[in-house]
Amino acid sequence: MRTPHSHTTTMVATYLLSLLAAVVVSLFLPLALDTQEPADTTLRRDQRRLTVAVATRALARGDTLRREDIAMRDTVITWRWATQVPDTTRAQAGWITRRPMAAGEVLRAPAVMPPPLVTSGTTVAAIWQDGPLRLVLSGVATNSATAGAPVGVRIDRTRRLDGVAIAPNTVRLR
């Protein structure tokens, strides 16, 4: 059977243990923090902190990137242009190398590019739309293009239209 005195003793013991834990943490936490190197968060005006994709192995021209070919690395760069921001587009699995690349080299355009949505010489759907009116033509792509890139579409021997690649083998006419 519990007495009121034992309940008070338990509360006092709990309070003293939590107070002791707080004292121990306040004494040893600064020591633990001093053993770590301080994070340098200060950058000059012309510096930017970026995370970039780098090659984990040497790559040949025309290789398709796999997930294990890409590693992310934090870096600081010097960027002296006030109005532009550095390109932070990261290479992804499925992108294609356009030149040989060494292990550790940053994977960025134009050395690596997304795979083309439209390939030169293939049949494409050319779409023109104005409100509810939509016209779909069949033609042959005159060049290869990634998403958003310009594509020429030959409708017949004498007619060529210009558009933008929007999906696999699909072009939105301008």
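Above: the structure in question.
Residues numbered from 1 in each chain as written. Predicted model: local features only at pLDDT ≥ 70, side-chain atom pairs only at ≥ 80, totals over all residues. Heavy atoms only, no water.

Engineer: What exactly am I supposed to notice about the pattern of salt bridges here?
Structural biologist: Where charged atoms of side chains with opposite charge meet at close range, the side chains can pair. Summed over all chains, the structure comprises 6 salt bridges. The residue R57 makes a salt bridge to D69 at a minimum N-O spacing of 2.6 Å. One end of the pair, R57, is in the loop between β1 (47–55) and β2 (70–78); the other, D69, is in the loop between β1 and β2, and 12 residues separate them in sequence. A residue is classified by how much of its surface remains accessible, and R57, at 31% relative accessible area, is partly exposed. Accessibility expressed as a relative area gives 1% for D69, which makes it buried. We note a salt bridge from D69 to R66, for which the minimum N-O separation is 3.4 Å. (Salt bridge = Lys/Arg side-chain N within 4 Å of Asp/Glu carboxyl O. Helix = DSSP H or I, 4+ residues; strand = E, 2+ residues; numbered from the N terminus. Buried < 20%, exposed > 50% of the residue type's maximum accessible area, 1.4 Å probe, protein only.)

Engineer: Teacher, can you tell me more about unusual backbone geometry here?
Structural biologist: Peptide bonds are trans in most cases, and residues, glycine excluded, mostly fall at negative phi. Omega for the bond connecting A109 with P110 falls within 30 degrees of zero, at 5°, which places this linkage in the cis form. Positive phi, normally seen in glycine, also occurs at N169, with a value near 55°. Here N169 is to be found in the loop between β8 (160–167) and β9 (170–173).

Engineer: Is there a simple way to think about the pairing of strand β7 (residues 150–154) in this case?
Structural biologist: Along any regular strand the residues' side chains alternate between the sheet's two faces. In this structure, strand β6 (residues 133–141) lies alongside β7, joined through 2 bridges in antiparallel fashion. Bridging across to β7, A141 finds its partner in V153. The hairpin turn running from β7 into β8, its antiparallel successor, is 5 residues long. (Pairing = 2+ DSSP bridges.)

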